[in-house]
Amino acid sequence: MHRAAGKSIGLVAAAILAASISTPASADTSEYFERVATYPVYENHPDGAEGTTAAEISTVSEDGNTLIYSDALSRSVGFVDISDPAKPQGLGLLGLHQLGSAEDEPTSVAAYGPYVFVVVNTSASYSEPSGRVDVVRIADRSLAHSFELPGQPDSIAISKDGAYAGIAIENERDEDAGDGGLPQAPAGSVAILDLKADNPEEWNLREVPLTSGTPSDPRALPLLAKAGLDTPQDPEPEYVSINSENQLAVTLQENNGMVLIDMPSGKLKRAFSTGTVDLQGIDSTDDGQLDADGSLQNVPREPDAVAWLQDRYLATANEGDWKGGSRGFSIFDSRTGKVVWDSGNTLEQLALAQGLYPESRADKKGVEPEGLAIAQFNGVDYGFVAAERANFVAVYDLSNPKSPRYVQTLPSTNGPEGILPIPERGLLAVASETDEDDVRSALSLYSFGADQAQFPQLVSNQNSLVPFGALSGLSPDPKDPGKLYAVSDNAYAAQIYGITLGKPATVDHSISVTGASVELDLEGLAAREDGGFWAAHEGAEGTGNLLVKIDDSGAVVEEVALPEDVVGPLQKQGLEGVAVRGSGDDEQVIFALQREVPGESFVRLGKYLPATGSLNWYGYQLDKPAEDSWNGLSEITALPDGSYAVIERDNQVGPAAQHKAIYQVELPGGEAKGAGSGIIMVDKKLAFDVLPVLEATRGWTQEKLEGLAVAGEEVYVATDNDAVDDATGETVFASLGKASSVFDLESGSPTPTPEPSESSPVPSPSEDAAEPGPSQPAQEPEAEDQDSASGESSSIDPEKVVQAEPEGNLADTGADSLWLIPVGLVVALLGAAAAFKSARERRAK
């Protein structure tokens, strides 16, 4: 229903998005990239969403219109039309069974001229590695020629002049053999294809060994041994890059080193260790805490991707493997092997500051930089570094290799690896390989030339870092219209975050919540006029749901349990949102359950009065969900006129997301109408369709729209990033515009909700705030004909659920209002006459 009703609202949402989620332009304008499309590659698979498929490494045709990617999961190569980068169109898959065997696995692709080179792993086992390069015509996808390789290949690069192709023959280790370490024969090498002839059948393949000895007993070359590599008798080449002088750089990831090869002669020119780093100010412990208090010493860089910069320097993404990983990227002088610049902890701190840190990987390799590329846009060298576990690409101006300048962060889908600049079209393509139920493997396209950064919309200042994530609720600050509060759920230890509004908004402080009787899962937050907060704790089961009162220091001073006869049947998806109105003895705590209590066809809203301990229930009818999904409430907030706004959303993500909306409701007073007694149902009115706002980021549409607040007359929403676990980690924080435009606030000043004559008692607040503990469940409410809960709350007779007519009904268009029509006409005529007279007087002057 809301999709049709909210179309005009959606258009307004899209129109205001640029203003609501952008950061200010810097002095250097038009240097930013902005995402224009996210293409799930399952759309290119014959089985659609049921297909097992993933994009890993990508390349592009000579005209820049056809993007080609390796898909190891489906044993194929994919083709996508990007002539309109905002609307990628799948062109289908080329299965490797058409080129060789259904068991073949593509590891990389590279296009040059009319061909795409497909690098294929055909190994029978780790100890019997093999592979080939298939040269495929892009126009008709026919095989031009194949070359057998001397082992299992990984990456490929083609020289700028088209004279050579370099291929890393990794012969990767078996991680399950022995301790999974090196050495493991046979050793890897490098293969060079000479491409000087027009006919691929006339091309020549030669091998450049990186060891001596025999395949079963490889020996270290003196050049590599002197370089101080980890295990030089088993180099395991990983990634290759070629400069305009046809020098081939090869990373030896597990060996923490680099080798340079002259391609015309095939001679090894230099080898050097990529060294170690000491890291401070990182999150190094998987403990459920986001912090930057950790450190690591003497960490081997273990570089993965490498790219040449200005033909002299080499940039590496230091992913790490079994012994290291420095969580950043480095720039080396190829002539000396010395480090001229290292990112240190900055990628880690970027992730912490932008809500993208994968805390579950803190004790491993952190953000795990893996992909890297360098290209010129508008005459400037830009570097792109992909953080595989944090799902972003960091962009740097590398004009000065010894002093890179951070430009922006580009959010991606999960597992970005293949980084493909397409400067001739002003585009960047990112292939994200992780393919999961909620976030599918995708190709993200970004256009160069924007004068503002699209992301982040919410950030912490790195000079006074306050890491954040998993925001599950928003609240205005009753003392400052320029500030909000947010709360994180149980993805992390409970924190309340202070936010200063702006573009972007800034997380400037946090408060740890302490003293609770349970491990808190705070899903909603409301700042009190009297200081402190009320929060909604969602229990693992129904009886665990609590309203939690928290003081300004973060200490829990009261826990209020909900009636067991109501919430007892809930297994999870209980308390989700909370709002506060009034102060002192007039304080009201309004809250929302996320899903229906078993046996009921509606979801419950509740009102708790701390002064008396009374509790009232209301019924809210959710929209009918789409097939294979459910709808629920995820937030409630108080509006200035005494009404409330709720977020109603589905549990779908990405292209499947259909329902992310805000509704306005009033809690009714007066007697329930209809025979018998029951929960009084509220009327709801669609206020804003938020789905277009989420879709307008051109990313993977977020599932958990969970934060809603009105501050400084503006309406703000935020998404829960699920702590970057099985989620993109992107936090959308946006203003939807003025509250007076979003909501029907014609009633003017706030009015208290009329209280029913009787209500359900809940235990009074604890008298001893120093010893907080859960209150006892409320007594079973008595069935009344007034605004109260049914005594049969877990099995309410649907016929006894009544629809009330609230005071000031949002949809009131009854006959009692017809007298307004003639009055309105008279007022309009008088206004027109006055305007006409005024215009004549101005002309006369």
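Here the structure is shown first, and the text comes after it.
Since this is a predicted model, take the numbers as computed values, not measurements. (Residues numbered from 1 in each chain as written. Predicted model: local features only at pLDDT ≥ 70, side-chain atom pairs only at ≥ 80, totals over all residues. Heavy atoms only, no water.)

Caption draft 1: How the structure looks around the overall build of the chain. A tally of helices and strands in the chain yields 8 helices and 55 strands. Considering the chain as a whole, with its 845 residues, one finds that 59% of them fall into the buried category. Residue pairs in contact within the chain that sit at least 24 positions apart in sequence constitute 57% of those at least 6 positions apart. For the chain, the exposed area adds up to about 32200 Å²; of that, 46% sits on carbon and sulfur atoms. (Helix = DSSP H or I, 4+ residues; strand = E, 2+ residues; numbered from the N terminus. Buried < 20%, exposed > 50% of the residue type's maximum accessible area, 1.4 Å probe, protein only. Contact = heavy atoms within 4.5 Å. Areas by Shrake-Rupley, 256 points an atom, 1.4 Å probe, with all protein chains shown as cover.)

Caption draft 2: Up close: the sheet that holds strand β7 (residues 115–121). Strand order across the open sheet formed by 4 strands is β6-β7-β8-β9, with antiparallel pairing between neighbours. This sheet does not close on itself; its edge strands, each paired only once, are β6 (105–112) and β9 (143–149). Looking at each pair of strands side by side, their axes are set apart by 20° on average, direction ignored. Where β6 meets β7, 7 bridges bridge the pair, whose relative direction is antiparallel. In the sheet register, serine 108 faces β7, and the bridge partner there is valine 119. (Pairing = 2+ DSSP bridges. Axes fitted to C-alpha atoms, helices over the stretch in contact; angles between N-to-C directions.)

Caption draft 3: Summary view of the pattern of salt bridges. Applying the stated rule across the entire model yields 31 salt bridges. Among the ionic pairs, lysine 365 bridges to glutamate 368, the shortest N-O distance being 3.7 Å. Judged by relative accessible area, which is 15%, lysine 365 ranks as buried. The residue aspartate 530 makes a salt bridge to arginine 528 at a minimum N-O spacing of 3.8 Å. Since its relative accessible area comes to 44%, aspartate 530 is described here as partly exposed. (Salt bridge = Lys/Arg side-chain N within 4 Å of Asp/Glu carboxyl O.)

Caption draft 4: Highlighting the nonpolar core. One finds Leu547, Phe591, Leu605 and Tyr620 to be the most contacted residues of the largest nonpolar core, which totals 40 residues. Excluding its chain neighbours within four sequence positions, the residues that come into contact with leucine 547 are Trp534, Ala535, Glu558, Glu559, Val560, Leu562, Leu575, Val578, Val589, Phe591 and Tyr608. Listed in part, the 31 residues of the second largest apolar core include Ala317, Leu350, Leu356 and Phe392. (Core = buried A, V, L, I, M, F, W, Y, C linked by side-chain atoms within 4.5 Å.)

Caption draft 5: Structural view of the pairing of strand β47 (residues 644–650). Of all the 7 residues making up β47, 7 are buried; the element is thus mostly covered by neighbouring parts of the structure. With burial as the criterion, each face of β47 is covered, one bearing Tyr644, Val646, Glu648 and Asp650 and the other bearing Ala645, Ile647 and Arg649. In this structure, strand β46 (residues 631–638) lies alongside β47, joined through 7 bridges in antiparallel fashion. In the strand pairing of β47, isoleucine 636 is matched with valine 646. Counted between consecutive antiparallel strands, the loop separating β46 from β47 contains 5 residues, among which glycine 642 sits at a positive phi close to 100°. Note: β47 against strand β48 (residues 660–665), 6 bridges, orientation antiparallel. Within β48, the position partnered with isoleucine 647 by the bridge is isoleucine 662.

Caption draft 6: Up close: a negative patch on the surface. A contiguous patch of negative charge on the surface is contributed by Asp286, Asp287, Asp437, Asp438, Asp725 and Asp726. Within the secondary structure, aspartate 286 is located in the loop between β20 (276–282) and β21 (294–300). The class of aspartate 286 is partly exposed, set by a relative accessible area of 40%. (Patch = residues over 30% accessible without salt bridge, like charges linked within 9 Å, V, L, I, M, F, W, Y side chains within 5 Å. Lys, Arg positive; Asp, Glu negative; His and termini not counted. Charge placed at Lys NZ, Arg CZ, Asp CG, Glu CD.)

Caption draft 7: Quick peek at the packing of aromatic side chains. In this structure the tally under the stated criterion is 20 aromatic pairs. Their ring planes at 50° and their centres at 4.9 Å tell us that phenylalanine 33 and phenylalanine 448 sit as a pair that is tilted. You can see phenylalanine 33 sitting in strand β1 (residues 32–40) and its partner phenylalanine 448 sitting in strand β32 (residues 442–450), a full 415 residues away along the chain. Relative accessible area serves as the criterion here: at 0%, phenylalanine 33 is assigned to the buried category. According to the relative accessible area criterion, phenylalanine 448 is buried, its value standing at 18%. Through pairs of rings, three or more aromatic residues link up here, namely Phe33, Phe377, Tyr382, Phe384 and Phe448. In this arrangement the basic side chain of arginine 141 is found over the ring face of phenylalanine 79, its NZ or CZ atom lying 4.0 Å from the centre. (Phe/Tyr/Trp six-rings, centres within 6.5 Å; stacked < 30°, edge-to-face > 60°. Lys NZ or Arg CZ within 6 Å of the ring centre and 35° of its normal.)

Caption draft 8: Region of interest: the pairing of β7. Most of β7 is tucked away: 7 of the 7 residues are buried. Between β6 and β7, which pair antiparallel one after the other, the connecting turn spans 2 residues, and glycine 113 there sits at a positive phi close to 60°.

Caption draft 9: Expanded view of helix α4 (residues 346–353). Counted residue by residue, α4 has 7 buried out of 8 residues, so it is predominantly covered. Every buried residue of α4 is listed here: Leu347, Glu348, Gln349, Leu350, Ala351, Leu352 and Ala353. Glycine 355 lies just past α4 and shows a positive phi near 70°.

Caption draft 10: How the structure looks around the sheet that holds strand β3 (residues 66–71). Read across the open sheet, the 4 strands follow the order β2-β3-β4-β5; overall the sheet is antiparallel. In the strand order of this sheet, the two ends are held by β2 (58–60) and β5 (89–95), each with one partner. Between one strand axis and the next, the sheet turns by 20° as a mean value, whatever way the strands run.

Caption draft 11: Local environment of the side chain of arginine 581. Note on placement: arginine 581 falls in strand β42 (residues 575–581). In this structure, arginine 581 is buried with no salt-bridge partner, the nearest side chain bearing the opposite charge being aspartate 641 at 5.9 Å. Within the structure, arginine 581 has its side chain in polar contact with the backbone oxygen of leucine 639 (distance 3.2 Å). Sequence-distant contacts of arginine 581, that is, excluding residues within four places in its chain, are made with Asp586, Glu587, Gln588, Ala638, Leu639, Gly642, Ser643 and Tyr644. (Polar contact = N/O pair within 3.5 Å; in protein donor to acceptor, adjacent residues only side chain to side chain.)

Caption draft 12: Quick peek at unusual backbone geometry. Proline 186 follows alanine 185 through a cis peptide bond whose omega is 0°. Mapped onto the secondary structure, proline 186 falls in the loop between β11 (164–169) and β12 (189–194). Cis geometry is adopted by the peptide bond preceding proline 456, which originates at phenylalanine 455 and carries an omega value of 0°. Inspection of the secondary structure puts proline 456 in the loop between β32 and β33 (458–459). With a phi close to 55°, glutamine 310 is a non-glycine residue in the positive phi region. Positionally, glutamine 310 belongs in the loop between β22 (306–309) and β23 (313–317). Positioned with a positive phi, arginine 698 is a non-glycine residue whose angle comes to about 65°. Within the fold, arginine 698 resides in the loop between α6 (691–695) and β51 (705–711).

Caption draft 13: The environment of glycine 568, seen in detail. Turning to its location among the elements, glycine 568 is positioned in the loop between α5 (564–567) and β42. Expressed as a C-alpha distance, the spacing of glycine 568 and threonine 543, which sit 25 residues apart in the sequence, is 5.1 Å. In this structure, glycine 568 is in contact with Gly542, Thr543 and Pro563, ignoring residues within four places of it in sequence.

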